[in-house]
Amino acid sequence: MVRLIVTGVAGKMGSVIMRLAQADPEVAVTGCTEIPGHPMAGKNVGEGTTACPVTDELAKIIDMCDVVIDFTGPESSLQNFRTAVEHAKGIVIGTTGLKAEALKEIMSAKDAKVVISPNMSVGMNLMFDIVEKVSRILKEDYDAEIVEMHHRLKKDAPSGTAVKLMEVIKGVQPEKEWLEIYGRKGITGERKQDEIGVLALRGGDVVGEHTVMFAGIGERLEITHRAYSRDNFAKGAVLAAKWLFQKTHGAYTMRDVLGLQ
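Here is what the cut-offs are and how they apply
Residues numbered from 1 in each chain as written. Predicted model: local features only at pLDDT ≥ 70, side-chain atom pairs only at ≥ 80, totals over all residues. Heavy atoms only, no water. Helix = DSSP H or I, 4+ residues; strand = E, 2+ residues; numbered from the N terminus. Rg over C-alpha atoms; globule rule 2.2 N^0.38 Å. Buried < 20%, exposed > 50% of the residue type's maximum accessible area, 1.4 Å probe, protein only. Contact = heavy atoms within 4.5 Å. Areas by Shrake-Rupley, 256 points an atom, 1.4 Å probe, with all protein chains shown as cover. Lys, Arg positive; Asp, Glu negative; His and termini not counted. Charge placed at Lys NZ, Arg CZ, Asp CG, Glu CD. Pairing = 2+ DSSP bridges. Axes fitted to C-alpha atoms, helices over the stretch in contact; angles between N-to-C directions.

I tried to follow the overall build of the protein chain on my own but got confused; where do I start?
Tallying secondary structure elements over the protein chain gives seven helices and 13 strands in all. Over its C-alpha atoms the protein chain spans a radius of gyration of 20 Å, differing by no more than 12% from the 18 Å that the globule rule assigns to 261 residues. Across its three principal directions, the C-alpha atoms of the protein chain cover 60 × 40 × 30 Å. Here the protein chain holds 261 residues, and 47% of them are scored as buried. Here the contacts in the protein chain between residues at least 6 apart in sequence split such that 65% fall between residues at least 24 apart. Counting every atom, the protein chain has about 13,500 Å² of accessible surface; 53% of that belongs to carbon and sulfur. Placing the 32 positive and 35 negative side-chain charges of the protein chain at their respective mean positions leaves the two points 2 Å apart.

Would you take a moment to explain the side chain of Arg-255 for this structure?
Within the fold, Arg-255 resides in helix 7 (residues 254-257). A relative accessible area of 17% means that Arg-255 is categorised as buried. When residues no more than four places from it in sequence are discounted, the contact partners of Arg-255 are Asn-125, Asp-129, Glu-132, Leu-260 and Gln-261.

When you look at the sheet that holds strand 10 (residues 195-202) in this model, what are you seeing that I'm missing?
The strands making up a sheet are joined through hydrogen bonds of the backbone, oriented either antiparallel or parallel. Spatial ordering of the open sheet is given by 9-10-8-11-12, a layout of five strands whose pairing is mixed. Edge strands, defined here as strands with exactly one partner in the open sheet, are strand 9 (179-181) and strand 12 (220-227). The mean inter-strand angle of the sheet, taken between neighbouring strand axes irrespective of direction, is 15°. As defined by bridge partners, strand 9 adjoins strand 10 across three bridges and the pair is classed as parallel. Following the sheet pairing, Glu-180 is matched in strand 10 by Ile-196. Each of strand 11 (208-215) and strand 12 is contacted by helix 4 (residues 122-138), which is oriented at about 170° to strand 12, the strand it contacts most. Lying over the sheet, helix 5 (residues 160-172) contacts strand 8 (143-150), strand 9, strand 10 and strand 11, oriented at roughly 165° with respect to strand 8.

I tried to follow the environment of Ala-162 on my own but got confused; where do I start?
Following the sequence through the fold, Ala-162 ends up in helix 5. Under the relative-accessibility criterion, Ala-162 is labelled buried at 0%.

Structure below.
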């Protein structure tokens, strides 16, 4: 039985993770958090034997868990990571928008036990793998463009998943001096061979859609993933937590969890 703490439990992702984790027979949710002053602080999430009191600071309850699942925000996720390392606990981080310095700290921390990914969906991580394989075959003969769409409330653009897709494509040809283009306007001239375009769309309640286009002469290959519910991200996060519970130390991604390395 894996003991979990869910941070940001009243948020869009936190509430879904909490619901699925409480229904998982291999998991026991032993704590949950929200920011200080939040209306849920001091109240319970759930009822009966699964009721979980909401605490306003992870450090107060972290000794009650084996793994923390965190989908909060860049600053709070980094602080929660540091708290988890200090207390020798595992942490699954699905937060996007983390700065390069924060990612470097997380991936290089000596005593860390962490799974971090901009997208915890099993399907999306398979897409990362497929895009890498396709990129290795097509290379400069095809122009790569990325289009993503999310709900109107999303704060960062492009999405962390779109950035990851771009990194996957660029990683196949690291010697190439890539030119990242975020949308186009006006007389831009011909597309340069080293361009990689990313377009972010926002509107409505779209959970998440990502398409990678490989446009060649006479044909175009499109690889698309559409998320219709946040449940798939939450399921992936809980799966990652159970996988991480079996590990000692290390910084991992969903590729490790799914055995795609």
